[in-house]
Amino acid sequence: MLKLTVKAGEYLLVGDEIKVVFTGGSSNNLHVLVDAPKSMNIVRSTALEKYGMAADPGNEVKHHKERELSPEAKEKIKAILMEERKKAKKAERAR
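Here the structure is a predicted model, which is why all the values come from computation and not from measurement.

Analysis parameters
Residues numbered from 1 in each chain as written. Predicted model: local features only at pLDDT ≥ 70, side-chain atom pairs only at ≥ 80, totals over all residues. Heavy atoms only, no water. Pairing = 2+ DSSP bridges. Helix = DSSP H or I, 4+ residues; strand = E, 2+ residues; numbered from the N terminus. Patch = residues over 30% accessible without salt bridge, like charges linked within 9 Å, V, L, I, M, F, W, Y side chains within 5 Å. Areas by Shrake-Rupley, 256 points an atom, 1.4 Å probe, with all protein chains shown as cover. Salt bridge = Lys/Arg side-chain N within 4 Å of Asp/Glu carboxyl O. Buried < 20%, exposed > 50% of the residue type's maximum accessible area, 1.4 Å probe, protein only. Phe/Tyr/Trp six-rings, centres within 6.5 Å; stacked < 30°, edge-to-face > 60°. Lys NZ or Arg CZ within 6 Å of the ring centre and 35° of its normal. Contact = heavy atoms within 4.5 Å. Axes fitted to C-alpha atoms, helices over the stretch in contact; angles between N-to-C directions.

Trainee: Can you tell me about the pairing of strand E2 (residues 18-25), naming the residues and giving the values?
Mentor: A regular strand places its side chains on the two faces of the sheet in alternate fashion. Sheet topology note: the strand E1 (residues 11-14)/E2 ladder contains four bridges and is antiparallel. Counted as the bridge partner of Leu12 is Val20 from E2. Linkage of E1 to E2, two consecutive antiparallel strands, is achieved through a turn of three residues, within which Gly15 is found at a positive phi near 65 degrees. Judged from the six bridges that link them, E2 and strand E3 (residues 30-35) form a sheet pairing that is antiparallel.

Trainee: Give me the lowdown on a nonpolar patch on the surface, citing residues and values where you can.
Mentor: A cluster of nonpolar side chains, Leu30, Val32, Val34, Met40 and Ile42, forms an exposed patch at the surface whose accessible area comes to about 430 Å². Tracing the sequence through the fold places Met40 in the loop between E3 and helix H1 (45-50). Judged by its relative accessible area of 38%, Met40 falls in the partly exposed class.

Trainee: Residue-level account of the packing of aromatic side chains, with values.
Mentor: Using the criterion set out here, one finds zero aromatic pairs in the structure. Above the ring of Tyr11, the side-chain terminus of Lys19 is found at 4.0 Å from the ring centroid.

Trainee: Could you give an account of the environment of Ala36, with specific residues and numbers?
Mentor: Among the secondary structure elements, Ala36 is positioned in the loop between E3 and H1. In sequence terms Ala36 and Lys19 are 17 residues apart; their C-alpha atoms lie 6.6 Å from each other. Here Ala36 is in contact with Glu17, Ile18 and Ile42, once residues within four sequence places are set aside.

Trainee: So what's going on with the sheet that holds E2? Which residues, and what values?
Mentor: In space, the three strands of this open sheet follow the order E1-E2-E3, with antiparallel pairing throughout. Each of the sheet's edge strands pairs with one partner strand only, and the pair in question is E1 and E3. Averaged over all pairs of adjacent strands, the angle between their axes in this sheet comes to 20 degrees, without regard to strand direction. Contacts from helix H2 (residues 71-94) reach E1, E2 and E3, with the element oriented near 115 degrees to E2.

Trainee: Account for the pattern of salt bridges, naming residues and giving values.
Mentor: Charged atoms that come close allow side chains of opposite charge to pair. Scanning the entire structure with this criterion turns up one salt bridge. Residue Glu84 pairs with Lys87 through a salt bridge whose shortest N-O separation is 3.7 Å. Highlighted residues: Glu84 and Lys87, both in helix H2, separated by three residues, approximately one helical turn. Residue Lys87 is classed as partly exposed on the basis of its relative accessible area, which comes to 47%.

This is the structure we're talking about:
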């Protein structure tokens, strides 16, 4: 298990296909965005516990389509990703 301390706007890459972006939060909550292929089953542990299911293949929890993000949320996400791209380009130039 890996334990990390992150700041808002930082992200983790899991393999080549999964990106977890930390967008902030409070002492009791952490806000994350998960960018992964739609074929990946992503579910909260509380949902697994609620339905008495283990996180095993074949035990996927089916979800209904969620409502759209607000325009403000989309802009915030876009700004975070743009800033990360700028930082990456700047770091690449510094090499």
